[in-house]
Amino acid sequence: MAATQRWRLSFFIFLGVPSILGQRVLKQSVSRIWPGQRPFSLSIKHGPNNQGIWTAWFNIDHPGGNGDYERLDAIQFYYRDKVCPRPFGIEARTTDWIPASSTGQVIHSSAQEGFWCLNREQPSLQNCLNYAIRFLCPVGSLPQDSKMLWSSWSKWSECSAKCDQAGVQIRTRRCLVESLQDRRCEEVSEEGRRCVGPPCSVCNMSCSVGRVNAECDACMCEEHLLYGKVSLPDGAPAAGAAIYLQAKAPKLLTVSDGDGTFRVPGVCPDGQTVLEIKKAKYKTAFVTMPESSEGSSSVHIHLKRADKPYMTKHPENKARREGQSVNFCCHATGDPAPEQYLWFHNGTLLDPSLYKDKGSLVLKNLRIDQAGQYFCKTSNDAGSVKSQVATLSLIAKDDPPCNPTPDSYLIRLPHDCFQNATGFYYNVGKCPSDTCTGTLDNSLRCKDATAYCCGVSQMETQEITCNGYILPIKVAKECGCQRCVETKATIRGRAVASDTGEPMRFGHIYMGNNKISMTGYKGTFSIQVPTDTDRLVLTFVDRLQKFVNTTKVLPFNKKGGAVFHEIKMLRKNPPVTLDSTKVSVITLGEMEGDDPVAELEIPPNAFYRQNGEPYVGKVKASVTFLDPRNISNAATAQSDLNFVDNEGDMLPLRTYGMFSMDFTDETASETLNAGNVKVHLDSAQVRMPEHLKGMKLWSLNPHTGLWEEEGDFHVDQKKRSKREERTFLVGNMEIRERRLFNLDVPESRRCYIKVRAYRSERYLPSEQIVGVVVSVINLEPTPGYATNPRAWGRFDSAVTSSNGACVPAFCDDQNPDAYSAYVMASLGGEELEAVPSSPRLNPVAVGVPQPYLNKLKYQRTDHVDRNVKKTAFRISVAKPTPNTAEENGPIYPYERGRECEVAPSYAAHFRFYRVEGDRYDYNTVPFNEDDPMSWTEDYLAWWPKPMEFRACFVKVKINGPLEVNVRSRNMGGTHPRTVGKLYGIRDVRSIRDLERPNLSTACLEFKCSGMLYDQERVDRTLVKIIPQGNCHRESVNSMLHEYLVNHLPVAVNNDSSQYTMLAPLDPLGHNYGIYTVTDQDPRTAKEIALGRCFDGTSDGSSRIMKNNVGIALTFNCPERDAQQQSLFQTLRNLPSQYPASPLRERTAVRRPNKKRVVQIQGKSVPSVRIPQRAQ
């Protein structure tokens, strides 16, 4: 019996040493089945006094910062019902299912405290892997599942033994209800059984040279010696390259030394033996042994850089019912191309043996517990990459696909429509445009054939009593699942010099290798974002080469609409002449009163042509350095300063400077490369000592917009003649196809800042603005002077959705002043205003309660100097203290990014607001112009087509001493479904001419004529233009009048205090005083049309009103006598004489002054009266 026990013990140890004995390691939650025994579960410890049950796997921390901390107290805080109070066992593995004991890392664990891994304890400055843990709890201390579902057992694996030797076979099954939420799996998931390898047979392999080895898979020549050298692409030695013999199982022969050389005895020079050379971040090289009869031979291998995988297709959010099926897809490019894709559900790896499809994950007969987040991961020789997360929403078979009750949504009423109960606001309801389960076909597509969203399924017309009239309004009564509104996302902007604002005229814009657009004469551009784009990477190239090529990752509104970006271009430094045969030194960063950040050292004879031939002669070198000590240059930062780590996670960088290099021959006709260039970084410029160890040299991949590691820095041991008392770090680089480099350090102390933008200082949730670009400049403070930043380290941007924006920033939980940031916001190139911080700080207005607001040290830019612009604020990015009110925003830890995104409007946040001026829009069918998906099919919709928005403005001149409010009342004119019904109202106040005090002008929007949403019949909108006050119509643009007369019918114009027209169908232009623009985004169309109206031209744009150009209508509005009432006052005071009706046109009060006539270009003609259809 003792012998039997010893045999079992030795067999167990034999299975646990895979690296030596070549056997497969059984995973933690497995059962090992010995011959003649029944399977038992390792999930339960057997014995009368030691029974237990394993919890689910937990992974609450990421190995950034100091390490990976999976503490029991933290897990109990977040998952109170999923772990027992006093576990008596613990088990750890990585998220890739590798047991913690097999990783070779220094780890710590305790059932009473949890698990922790410290980065500083790992060899070779490695970081800890990402670990997950589970606990063993007493039976009965955790909720139990009444139903445990398991997949079928897999087939037995091949026997692990060699011929005629003992081994093990494995089979597995999957717990179908296993997740990170509620369910636990207690039974065995993996079984093993003893087996014997195949019978040994005679080796049939033959060798033309040498003899067959013992494994019968390669030839050996004991008398032959192979000499080899491995070089990097720039010719530098490739130290640490692994040389393998290609066979059924590749055999490691040796590793290259520091000079890149190696020696291998016994390899046959038969012209058939193949060697594999592998080195991290480089493509695997293959070399065939040349035929030779000599006793030695040599090979020289040149490695090529491997391109990291880059995710080009991400899984999409989907909604399903219980029992349906779903397909998620992802795809990545790279060199070499990645082949295997791993899928994760709620952060846990799904069993690769069950989900083998290359880039797709098919889930059939869905269960509710399979809802959650899914993403994929893939790798190649250069690294790994993860896709974006896709959310699978699941509902029961009989549940409604959408919440039928609309959310509350307030709109602002006209200034003469005050309501006793709700003031100037009215609740019209809103249906959130969330993905929902619609009618699906039976095919499993990566992208559903038809997208379904929640939207308004039933509306109700209500009437609002205003001063002298009734205002109709359509209110959402019920929400339902319907086809999503088709939208298009657009990027607009302009590319200008960062120093002078000079536009980059007729520059090229690239997406990858494809030129997709050009900038205009004023540097403007407009780009439609391709469908399925997740990360928009654009490169701006100046044809005249005055500016550095600039790669930007531009955020956009994925729900559609336009976002405006101003691209700041860094001007190139003028070239200097170098001698290729001499050492050249170029300084990086020259600021008055400070030393350079770094120096470039180019050794002699380092330049070579594109074909690899050495270049000798004069070299023109243009090196442009982006110095982070100059805060005004922050917006010119390239890309979004992110990189992908070895785990495939996208992480941020903190920059200490970027530099662009262009080397050409003396005639500037040929671009040159350079090898073995050294970068000497002055360590005194790195004011955060912990960054010195992590400093690296990076290059920008313009196709992906990601920074990729070029090399490390080490202490320069060589004495320097002038600065021997200073320490320099040195790094090597090669200058080939990539010309933009970065001195960066990865930074793990990350947070999000929650920011919202509003239409006014009322800060109503319904008045939030979508499409605002919120930017954050991360600052490095001078030690001891938290309010005086020494340099910026990062520039980030995000676009507001209907729930604001979460912008990344660096933060610190130990020292609140370690990082500070400037935050600013812009809409369409216009800067929004931040909430003031002086003379008195109002936490309610800022949106952050005390005492957290004081800890953040909020200050608007004009806090000290009132002459400074009010368009930004500065804070200390203090990481919130756990288990306090600080957890409710506005700063969120990086791991709680999802909470930041979905935070309710009442949670703490920072605010910007737009000074709207005297403009007001009212639509009978409510529509949020910032959210095109809020469009509703209705004949009275102001915008009939959701992807084609046509904006119309009329220019009205006012002669009089006062600025006047002008209203357009827009009704159906010729369509039988809308005639006499209100589309909407627009109000605007005229703008006074600074040089002529008795002249003001208004650009007033009206509803364009055209097809309604059914695209069956045209409606000529009946537009009434009504200036407020003691006004009478003085003249009408003669060309506009002639057009309207020639395009029947013509509206009645008996009332000289206003003007009525059936809006033109044609886009007329400035000669008529009518300005029309069509665009895929409503706000963009209005902005362009308004700019043209201000300018008084059909193709220009202005932010300053040109009061006497391009006029359509002129009204004379003298100052009213003290006893004379305005039109609006008269309507309010005489409701019985003028009954309120939505179908009745407003009638002006006849004044006792003399009869008036209309002036058209100096001629006196009677007002035109043409019979009109009864309304």
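- Looking at an unreviewed UniProt entry, the protein carries the name Cartilage intermediate layer protein 1, with the source organism given as Eublepharis macularius.

### Some thoughts on the overall build of the protein
Right, on to step 1. Scanning the protein from N- to C-terminus turns up 10 helices and 76 strands.
Right, on to step 2. Per-residue burial over the protein gives 51% buried out of 1175 residues.
Right, on to step 3. Long-range contacts, defined here as pairs at least 24 residues apart, represent 69% of the contacts in the protein between residues at least 6 apart.
Right, on to step 4. Working note: accessible area of the protein is about 54600 Å², and carbon and sulfur atoms make up 49% of it.

### Re the sheet that holds strand β12 (residues 251-255)
Right, on to step 1. As summarised here, the arrangement of the four strands in space is β12-β11-β14-β15, forming an open sheet in which the pairing is antiparallel. Every interior strand has two partners, whereas the edge strands, β12 and β15 (285-288), have only one. Each strand axis lies, on average, 30° off the axis of its neighbour in the sheet, ignoring direction.
Right, on to step 2. As paired elements, strand β11 (residues 242-245) and strand β14 (residues 274-278) share four bridges and run antiparallel to each other. Across the sheet, residue Tyr-244 finds its bridge partner in β14, namely Glu-276.

### Examining a nonpolar patch on the surface
Right, on to step 1. Side chains of Phe-506, Met-518 and Tyr-521 sit close together on the surface and give an oily, nonpolar patch of about 310 Å² of accessible area.
Right, on to step 2. With respect to the helices, strands and loops of the structure, Met-518 is situated in strand β33 (residues 514-518).
Right, on to step 3. Classification of Met-518 by relative accessible area gives partly exposed; the value is 37%.

### Here's the deal with the side chain of Thr-924
Right, on to step 1. Topologically, Thr-924 is positioned in the loop between β62 (919-923) and β63 (949-959).
Right, on to step 2. Excluding residues within four positions of it along the chain, Thr-924 makes contact with Pro-472, Ile-473, Lys-474, Leu-940, Leu-982, Tyr-983 and Gly-984.

### A closer look at the environment of Thr-664
Right, on to step 1. Mapped onto the elements of the fold, Thr-664 is located in strand β44 (residues 650-665).
Right, on to step 2. Taking the relative accessible area as the measure of exposure, Thr-664 reaches 18% and is therefore buried.
Right, on to step 3. For the pair Thr-664 and Arg-609, spaced 55 residues apart in sequence, the C-alpha separation works out to 9.4 Å.
Right, on to step 4. Beyond its immediate sequence surroundings of up to four residues, Thr-664 is in contact with Lys-618, Val-619, Lys-620, Glu-670, Thr-671 and Leu-672.

### Details of helix α9 (residues 1082-1095)
Right, on to step 1. Over its 14 residues, α9 extends 20 Å from the first C-alpha to the last, a length consistent with the 20 Å expected when each residue adds 1.5 Å.
Right, on to step 2. In terms of burial, α9 is largely enclosed, as 11 of its 14 residues are buried.
Right, on to step 3. Listing the buried residues of α9 in full gives Pro-1082, Arg-1083, Thr-1084, Ala-1085, Lys-1086, Ala-1089, Leu-1090, Gly-1091, Cys-1093, Phe-1094 and Asp-1095.
Right, on to step 4. Positive backbone phi, approximately 75°, marks Gly-1096, located one or two places after α9.

### Quick notes on the sheet that holds β62
Right, on to step 1. The five strands are arranged β62-β65-β64-β70-β72 in an open sheet whose pairing can be described as antiparallel. Each having just a single partner strand, β62 and β72 (1059-1062) make up the two edges of the open sheet. Adjacent strand axes in the sheet meet at a mean angle of 15° when their direction is disregarded.
Right, on to step 2. Here six bridges tie strand β64 (residues 965-971) to strand β70 (residues 1022-1027), and the two strands are oriented antiparallel to one another.

### Some thoughts on unusual backbone geometry
Right, on to step 1. Put simply, Asp-335 and Pro-336 share a cis peptide bond, and its omega is 5°.
Right, on to step 2. Structurally, the position occupied by Pro-336 is in the loop between β20 (331-335) and β21 (341-345).
Right, on to step 3. Of note, the bond from Leu-1048 into Pro-1049 is cis; its omega dihedral lies within 30 degrees of zero at -5°.
Right, on to step 4. Here Pro-1049 lies in the loop between α8 (1038-1046) and β72.
Right, on to step 5. Backbone geometry places Leu-641, a non-glycine residue, at a positive phi of 55°.
Right, on to step 6. Along the chain, Leu-641 turns up in the loop between β42 (618-626) and β43 (642-644).

### What to know about the state of the cysteines
Right, on to step 1. Per the counting criterion, the structure on display carries 17 disulfides.
Right, on to step 2. At a sulfur-sulfur separation of 2.0 Å, the disulfide partner of Cys-436 is Cys-481. Because the torsion about its S-S bond is 85°, the bridge between Cys-436 and Cys-481 counts as right-handed. Here the residue Cys-436 occupies a position in the loop between β28 (425-427) and β29 (452-465), and Cys-481 occupies one in strand β30 (residues 470-483), the gap between them amounting to 45 residues.
Right, on to step 3. Under the relative-accessibility criterion, Cys-481 is labelled partly exposed at 26%.
Right, on to step 4. Each sulfur of the disulfide joining Cys-1003 and Cys-1093 lies 2.1 Å from the other. Between Cys-1003 and Cys-1093 the sulfur-sulfur dihedral comes to about -95°; the bridge is accordingly left-handed. Here Cys-1003 is found in strand β67 (residues 999-1006), whereas its partner Cys-1093 is found in helix α9, with 90 residues between them in sequence. Comparing Cys-1003 with Cys-1093 shows no difference in burial state: the two are buried.

Scoring rules and cut-offs
- All residue numbers refer to positions counted from 1 along the written sequence of the respective chain.
- Reporting of local features is limited, given that this is a predicted model, to residues whose pLDDT is at least 70; pairs of side-chain atoms are given and counted only at 80 or more, and all residues count toward the totals for whole chains, interfaces and linings.
- The basis for every side-chain value is the complete set of non-hydrogen atoms in the structure, without hydrogens or water.
- By definition, any uninterrupted DSSP run of H or I lasting at least four residues is a helix, any uninterrupted run of E lasting at least two residues is a strand, and each is numbered from the N terminus.
- In this scheme, a residue with accessible area under 20% of its type's maximum is buried, one over 50% is exposed, and one in between is partly exposed, where area comes from a 1.4 Å probe on protein chains only.
- Whether two residues are in contact is decided by their heavy atoms, any of which lying within 4.5 Å being enough.
- What sets the accessible areas is the Shrake-Rupley method with a 1.4 Å probe; for residues, cover comes only from the shown protein chains.
- Think of it this way: DSSP has to see at least two bridges between two strands before they count as a pair.
- Lines fitted to the C-alpha atoms define the axes, with helices restricted to the stretch that makes contact. Angles between their N-to-C directions range from 0 to 180 degrees.
- Residues with no salt bridge and a relative accessible area higher than 30% make up the patches, which join like charges within 9 Å and nonpolar side chains (Val, Leu, Ile, Met, Phe, Trp, Tyr) within 5 Å.
- Definition used for salt bridges: Asp or Glu carboxyl oxygen within 4 Å of a side-chain nitrogen of Lys or Arg.
- The span you would expect from a helix comes to 1.5 Å times its residue count less one.
- To count as a disulfide, a pair of cysteine sulfur atoms needs to be within 2.5 Å.

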